[in-house]
Amino acid sequence: MDLNVERNLDSLIKSTTHKWIFVGGKGGVGKTTSSSSIAIQMALNQPSKQFLLISTDPAHNLSDAFGEKFGKDARKVTGMDNLSCMEIDPAAALKDMNDMAISSGSNGNGDDLSDLLQGGALADLTGSIPGIDEALSFMEVMKHIKRQEQGEGERFDCVIFDTAPTGHTLRFLQLPTTLAKLLDKFSEITGKLGPMLNSFMGSGNNVDITGKLNELKANVETIREQFTNPDLTTFVCVCISEFLSLYETERLIQELMSYDMDVNSIVVNQLLFAEFDKEHNCKRCQSRWKMQKKYLDQIDELYEDFHVVKMPLCAGEIRGLENLKKFSQFLLKEYDPISDNPVIYELEDKN
Amino acid sequence: MANSVVIIALFLVAVTKFIDYTAKYHSNWLMALSLKTNSKDTREYNSKLRKQRQLIEENHSISAQDNYAKWTKNNRQLDKLKIELSELDSKIKLNSKNLHAIFHKLKLITLTLPFFVFKIWKGKEIVYYLPTNDTFPYLISGVWNNGWLHLVLTPLNYILGRQTSMSTKVGVSFGIWIWALTNVISNIESLIKFLLFTEKIEAPKVTSQK
C-alpha cells in the first residue's frame, strides 16, 4: 500500500465538502498567486458550484493579479461564470455601517452623536484601529454564513481567503475565541445592567442589547465550529524555499494546530529547478537552486504527511486569467521540470 | 497547680518563639519535605529539564540552515517540553503551597489556639504572690481585709495598744503574668536586635563650602 502523500492539491481542489479555504504565509511568497490559482482550479473542476475569493490583506492585490478591478462587493471574474472576487475595504465598510445606522436611527433631533456619525467621522476614527481589517473580514464571514442559513442573496459554496501576512492572519483566526470570551463577559454585564444600558442609549432606541449579544454569540460559535472542522475548513501554507520563510511557515503551522485548525498542504513557490533547465542555468541560478534543494529535502523530511506542492519560478509575472490558468495547473498535476519547462516561458505579457 | 500552669505556659512560649526565630527556614524545610513527598513529579521534572538542556545545547551546536529539519524537530520537542515543564512546575508549587497551608493549619490547631484557650481558661488563676507583705499602706490593706469599719476601728486600736497585722497577699494572675513575660521577652529581643544586629549609620560629614 502506497502511503506517500500526493504532491498536489488534487483532493482539495476537487473537494465537495470544504467551505472555507485560507491561503497564507509570509509576505512576498506568492499568496495571492496561489490563492487565485486554487480558486481558478476549483472553479474549473467544479463548474456547478460558486466560488468566492476574498482578499483580507489591507494591501490588496487581487485586482492586480487578475488585471481587473474588484471592490467590496463580490463581482464575477471576466471569463469565469462561477468565480467571484472581493476586496474588503475597511473605510468603505465602516462608512456603509455608519450610513445604515444613521438612516435607521435618525429622528431629526440633530443631537451630537448623529452629527458625529453623519460626518463619517466615526469611519475615519475607527478605520485606522489596528486589527480593524481582521474584524471587518470576520464580519464578512459572518454575513455569508447568515445568508447561507437564510437562503438570501448570492450564495457561494466555497470561500477562499487570500490572507494578509502571517501575524494578521493569526489574529483573524483567533477572533472567534477572543470574541466568544468577550461576549461571555458582556452577557454577564448586560444581564445585570441591561435595562439601565438601554435607558442610557435613549428612549428612541429600541435595541435589545441582550438579544443582539446572544445572536452575535451564536454566530461566532457557529464560525468557530466550522473553522475547526477539517472537512469544512483548511489552511494552505505558502512559502519559498528559504530559511526565514520556512521558519515562519513552521511557526504558522504550530500556531494553527494549537487553534485546532486543519493544515495539511504547503505550496513551495519560486523554485528554480536549474539542474533540469539546460538552456537557462547560470551560475547564480545553479547556486540558488542548490540552496533551495537543500531546504526542499528538509521540508520533505519535516512535513512527510503534508501535501507539499512544488511550484516553479516563471519567466514572467503571473498576472491575468490566462497566465493564472497556465500556472495553476501545477497545483493539480505535479510540475515536471523536464516536460513542463516550456510552460514557464509561455506566460503572456499582461499590461 | 500554679507551677504546672507556669510550666505549660513557659513551654508554649518557648515553642512559639522557636517557630518565630526559625520562620525563614520553614520554606526550605517545607520545600525539602514537599520534594520528598512528590518525588515522582520531581524526578520527572528533573529528567525533562535535563532533556531540555540537551536539546538547547544540540541546537546551539548545529547550523539551523544546514540542518533545518533536525533543528526544527528539536524546536518542536522544546516547545512541548516547555509546556510540560510549566505544568509540572505548577503541580509541584501547588503541592508545596498545600503543604505550607497544612503546616499553618497545624500550627494554628496545635499551638496558637490551645495557647489562646489556655490563657482564657487559666487567666484568673494566681500563679505568683508578691514577696513582701507591706506592698500597700496599712490603712488600705485594712480596708481591703475588713472593709470601711477598719477606718473607724484603727484609732481605737491604736489607743488600746492593739497591734494588728494587716498584710495583704497580693497575687498576680496568669493572664497578667503571661502578658508581662511576653512583653519583657519582646523588649529584650528589640534591645538585642538594636545593639547587635542593626548596622551602624555613620553621621554625615559636613564639608565646608567656600
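As recorded by an unreviewed UniProt entry, chain B carries the name Golgi to ER traffic protein 1 and is attributed to Kazachstania africana. Looking at chain B in UniProt, the text filed under Sequence similarities (unreviewed entry) is "Belongs to the WRB/GET1 family." Quoted verbatim from the Subunit (unreviewed entry) field of the UniProt record, the comment on chain B reads "Component of the Golgi to ER traffic (GET) complex, which is composed of GET1, GET2 and GET3. Within the complex, GET1 and GET2 form a heterotetramer which is stabilized by phosphatidylinositol binding and which binds to the GET3 homodimer."

Per an unreviewed UniProt entry, chain A carries the name ArsA/GET3 Anion-transporting ATPase-like domain-containing protein and comes from Kazachstania africana. Looking at chain A in UniProt, the text filed under Sequence similarities (unreviewed entry) is "Belongs to the arsA ATPase family." UniProt, in the comment section headed Subunit (unreviewed entry), describes chain A in these words: "Homodimer. Component of the Golgi to ER traffic (GET) complex, which is composed of GET1, GET2 and GET3. Within the complex, GET1 and GET2 form a heterotetramer which is stabilized by phosphatidylinositol binding and which binds to the GET3 homodimer. Interacts with the chloride channel protein GEF1."

### Here we look at the UniProt feature "active site" (unreviewed entry) in chain A
Residues and elements named next belong to chain A. When the UniProt feature table is mapped to this numbering, "active site" (unreviewed entry) covers D57. Mapping D57 onto the fold places it in the loop between strand 2 (51-55) and helix 3 (62-66). The exposure class of D57 is buried, given its relative accessible area of 13%. Once you skip the residues sitting within four places of it in the chain, D57 turns out to touch D162, T163, A164 and P165.

### Digging into the layout of surface pockets
Residue and element names in this part refer to chain A. Put simply, the second largest pocket is a space of about 510 Å³. Taken together, 23 residues line the second largest pocket, and the ones lying closest to its centre are V29, G30, K31, T33 and Q270. If you list the elements that add at least two residues to the lining of the second largest pocket, you get helix 2 (31-45), helix 3 and strand 7 (263-271). Element by element, the count of residues in the lining of the second largest pocket is highest for helix 2, at three residues. Looking at the lining of the second largest pocket, its residues break down into eight nonpolar, nine polar and six charged.

The rules behind each value
Residues numbered from 1 in each chain as written. Chains lettered and ligands numbered in written order. Predicted model: local features only at pLDDT ≥ 70, side-chain atom pairs only at ≥ 80, totals over all residues. Heavy atoms only, no water. UniProt positions renumbered as here; feature names shortened; annotations may be inferred. Helix = DSSP H or I, 4+ residues; strand = E, 2+ residues; numbered from the N terminus. Buried < 20%, exposed > 50% of the residue type's maximum accessible area, 1.4 Å probe, protein only. Contact = heavy atoms within 4.5 Å. 1 Å grid on protein atoms, 1.4 Å probe; cavity = no way out; pocket = protein on both sides within 12 Å on 5 of 7 lines; lining within 4 Å. Points joined across faces, edges and corners; volume = space filled by probe spheres on them. Nonpolar A, V, L, I, M, F, W, Y, C, P; charged D, E, K, R; others polar.

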